[in-house]
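# Coordinates in review
The chain contents come next:
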Amino acid sequence: MRAVYEPDRMKYRGEEYDCIYISFHDDDNGESFTTTESDGVWYNQVTNQYREKHGIPYQDEIVSLRERYGVSASKMALILGFGTNQYRLYEEGEVPSESNGKMIRSAMNPKVFLDLVRSSRHQLTEKEYVKITTRVEEVIARSDGWHDESFERNRLFLSGRGLANGFAPQSTVRLKNLLLHVLGEMGETFQTKMNKVLFYIDFLSYRERGMAISGLAYQALEFGPVPQRWDRVYSAFDEVEEQLRLVQGQECLSLKAGAEADMSAFSEEELAVIDEVCEKFKDMTSRAISKLSHAERAWKEYVGKEDTIPFREAFSLVGV
């Protein structure tokens, strides 16, 4: 079977969005078909663009919001004024309406959510009310730490979450543990090679899932695709050990994991993509992976340009 990637334009909720349609072609009998997975990637490309345009939270944000406050899906629906099972459906991937999406986003502010809880007091038992308000007040008390995380995100992620970064969650904790895991799998790695490995992880993930992993956006520089602010990314974490090494008369920065990675925040599908890329490139030299990346249209079409490499180029990958 041969995978076929075709530019498409899909209408969603009255609006049209560019995407890549994925099908599989049997050259022997001329038949084409899709799979549940390929249809899911096609759908995610479109709905994520819709979420970005209208400011609607992503599925993982909707799940983590409820977990942050320690509230069940049914209670979240009640507090936000949704139908009984509506919040659970949003956690499972249904896209909220624009008004409901904005309500969920406003609830990300713990002070706003606390006010919503107080407005719902008579719809909750006394035990539920005390438990939820206590938890939310604790979140508010920790808000200084949240601002520190927000500052670090802005320092490392030049492009916000959206089409430019493959719609990936942006978390310094996730990014740190991704780096530690990759270095743990591949061993000491030169920075040049690490840049390409991250590129292949994110672009392969977008091709397979409709969403990248690291939260970074990429540019095509002379020696291949690299993450934006790559010079900050590795030095931002004490657990990523850096060392200058002399290679053929030139100083090269090598990276090594200085701690174990905690991959609990990553899904099985994300881990499968990460490990597939690590296994493929583990024994490849920096020079070899750079040469491979130069064969990618993602590099050839955008080298020397200030624009980020669009994630639609994930469907033109030849290296993985």
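Report follows, based on the coordinates. Remember, it's a predicted structure, so these values are computed and weren't measured experimentally.

### Things to note about a negative patch on the surface
Where like charges cluster on the molecular surface, the negative patch consists of Glu-185, Asp-275, Glu-279 and Asp-283. With respect to the helices and strands, Glu-185 occurs in helix H9 (residues 172-186). Judged by relative accessible area, which is 38%, Glu-185 ranks as partly exposed.

### A word on the packing of aromatic side chains
Summed over the entire model, instances satisfying the criterion amount to 17 aromatic pairs. Centre to centre, the rings of Tyr-12 and Tyr-50 are 5.2 Å apart; their planes meet at 75 degrees, and the pair counts as edge-to-face. In this pair, Tyr-12 sits in strand E1 (residues 2-12) while Tyr-50 sits in helix H1 (residues 36-54), placing the two residues 38 residues apart along the sequence. Just as Tyr-12 is buried, Tyr-50 falls in that class too. Clustering of aromatic rings is evident, with ring pairs tying together Tyr-5, Phe-199, Tyr-200, Phe-203, Tyr-206, Tyr-218, Phe-281, Phe-311 and Phe-315.

### Let's talk about the side chain of Glu-296
You can see Glu-296 is positioned in the loop between helix H13 (286-293) and helix H14 (297-300). One buried charged residue, Glu-296, remains without a salt bridge, the closest side chain of opposite sign being Arg-207 at 7.5 Å. In contact with Glu-296, not counting residues within four places along its chain, are Phe-199, Tyr-200, Ser-316, Leu-317, Val-318 and Gly-319.

### As for helix H10 (residues 191-209)
Along its 19 residues, H10 runs 26 Å from first to last C-alpha, staying within 8% of the 27 Å computed at 1.5 Å per residue. Of all 19 residues that make up H10, 17 are buried, and the element is covered over most of its length. At the exit of H10 stands Gly-210, carrying a positive phi of roughly 80 degrees.

### Topic: the nonpolar core
With 51 residues, the main nonpolar core has Leu-179, Val-182 and Ile-274 as its most contacted residues. Elements represented by at least two residues in this core include exactly strand E2 (15-26), H9, H10, strand E5 (218-221), helix H12 (268-281) and H14. It is H10 that provides the largest number of residues to this core, a total of 9 residues. Among all residues touching Val-182, those that are not within four sequence positions of it are Met-194, Val-197, Ile-201, Ile-274 and Cys-278. Residues Ile-62, Met-76, Leu-124 and Tyr-129 belong to the second largest nonpolar core, which totals 24 residues.

### Quick look at unusual backbone geometry
Although it is not a glycine, Arg-13 sits at a positive phi angle of roughly 50 degrees. Inspection of the secondary structure assignment puts Arg-13 in the loop between E1 and E2. Despite not being glycine, Phe-167 has its phi angle at roughly 60 degrees, a positive value. Here Phe-167 lies in the loop between helix H8 (143-156) and H9.

Each value, and the rule that gives it
- Position numbers for residues count from 1 along each chain, tracking the sequence in the order it is written.
- Under the rules for a predicted model, residues below a pLDDT of 70 receive no local features and side-chain atom pairs below 80 are neither given nor counted, while totals for whole chains, interfaces and linings still include all residues.
- To get the side-chain values, take all heavy atoms of the structure and skip hydrogens and water.
- A patch consists of residues whose relative accessible area exceeds 30% and which take part in no salt bridge; residues with like charges are grouped when within 9 Å of each other, and nonpolar side chains (Val, Leu, Ile, Met, Phe, Trp, Tyr) when within 5 Å.
- Only the protein chains shown count as cover for residues, with accessible areas throughout obtained via the Shrake-Rupley method and a probe of 1.4 Å.
- When a carboxyl oxygen of Asp or Glu is within 4 Å of a side-chain nitrogen of Lys or Arg, the pair counts as a salt bridge.
- This count recognises Lys and Arg as positive and Asp and Glu as negative, with His and chain-terminal groups excluded.
- For charged residues, the charge sits on one atom: NZ in Lys, CZ in Arg, CG in Asp, CD in Glu.
- The way it works is that DSSP assigns letters per residue, a run of H or I at least four long becomes a helix, a run of E at least two long becomes a strand, and they are numbered from the N terminus.
- Each residue is placed in one exposure class: buried if its accessible area under a 1.4 Å probe, protein chains only, is under 20% of its type's maximum, exposed if it is over 50%, and partly exposed if it falls in between.
- Side-chain rings of Phe, Tyr and Trp (the six-membered ring for Trp) are treated as a pair once their centres are within 6.5 Å; stacked means planes under 30 degrees apart, edge-to-face means over 60, and tilted covers the remaining angles.
- Note on contacts: a residue pair qualifies if any of its non-hydrogen atoms lie within 4.5 Å across the two residues.
- Any helix carries an expected span of 1.5 Å times its number of residues minus one.
- The term nonpolar core refers to a set of buried residues drawn from Ala, Val, Leu, Ile, Met, Phe, Trp, Tyr and Cys, joined through side-chain atoms within 4.5 Å.

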